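One letter stands for each residue in the lines below.
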Amino acid sequence: MSRTVLCRKYKEELEGLDRPPYPGSKGQDIYDNVSKKAWKEWTDHQTMIINEKHLSLMDPSTREYLQSEMEKFMTGGDYEKAEGYVPPSK
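Residues numbered from 1 in each chain as written. Predicted model: local features only at pLDDT ≥ 70, side-chain atom pairs only at ≥ 80, totals over all residues. Heavy atoms only, no water.

### Some words on helix α3 (residues 60-75)
Then, in step 1: Here α3 contains 16 residues, and its C-alpha end-to-end distance of 23 Å stays within 8% of the 22 Å for a straight helix at 1.5 Å per residue.
Then, in step 2: Those residues of α3 lying buried are T62, L66, E69, M70, F73 and M74. The arc that holds every buried residue of α3, seen down its axis, measures 130°, which confines them to one face.
Then, in step 3: One or two positions beyond α3, positive phi appears at G76, with a value near 85°. (Helix = DSSP H or I, 4+ residues; strand = E, 2+ residues; numbered from the N terminus. Expected span 1.5 Å × (residues − 1). Buried < 20%, exposed > 50% of the residue type's maximum accessible area, 1.4 Å probe, protein only. Arc of directions from axis to C-beta.)

### Details of the pattern of salt bridges
Then, in step 1: Evaluated as defined, the whole model comprises eight salt bridges.
Then, in step 2: Of the charged contacts in the structure, one is a salt bridge between E15 and K36, with a shortest N-O distance of 3.1 Å. A residue pair is termed long-range when its members are at least 10 positions apart, and E15 in strand β2 (residues 13-15) and K36 in helix α2 (residues 36-53) qualify at 21 residues.
Then, in step 3: Judged by relative accessible area, K36 falls into the partly exposed class, the value being 29%.
Then, in step 4: Here D18 and K36 are joined by a salt bridge, their closest N and O atoms 3.3 Å apart. Of the two residues, D18 is situated in the loop between β2 and α1 (24-33) and K36 in helix α2; the sequence distance between them amounts to 18 residues.
Then, in step 5: Accessibility expressed as a relative area gives 58% for D18, which makes it exposed. (Salt bridge = Lys/Arg side-chain N within 4 Å of Asp/Glu carboxyl O.)

### Structural notes on the packing of aromatic side chains
Then, in step 1: Using the criterion set out here, one finds three aromatic pairs in the structure.
Then, in step 2: Centroid distance Y22 to W39: 5.9 Å. Interplanar angle 85°. Geometry classified as edge-to-face. One end of the pair, Y22, is in the loop between β2 and α1; the other, W39, is in helix α2, and 17 residues separate them in sequence.
Then, in step 3: A residue is classified by how much of its surface remains accessible, and Y22, at 29% relative accessible area, is partly exposed.
Then, in step 4: Residue W39 is classed as buried on the basis of its relative accessible area of 14%.
Then, in step 5: Seen in terms of ring centroids, F73 and Y79 are 4.9 Å apart; in terms of plane orientation they differ by 70°. Their pairing is edge-to-face.
Then, in step 6: We classify F73 as buried; its relative accessible area is 4%.
Then, in step 7: Among the aromatic residues, those joined into a ring-pair cluster are W42, F73 and Y79.
Then, in step 8: The ring of Y79 is capped by K81, whose NZ or CZ atom sits 4.0 Å from the centre of that ring. (Phe/Tyr/Trp six-rings, centres within 6.5 Å; stacked < 30°, edge-to-face > 60°. Lys NZ or Arg CZ within 6 Å of the ring centre and 35° of its normal.)

Okay, here's the thing in structure tokens:
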């Protein structure tokens, strides 16, 4: 049986991650408060931002920027969107 979490992004009980995505307290916080669905959406969005802006993950400022955007994404803040991206209609 999968575990559930009260997802920070969706404000409802959803399936949780299988393990923390990062080491330390940040990873534990994500594990405890972010659903698989929200994490998948974030990683897909993060990939679009990295590709569009040609970001280097070797640069510490890029990692700080992505952490900040992740927080905004997960809490409903005004996060960076990929320019010109139109999500597929359902």
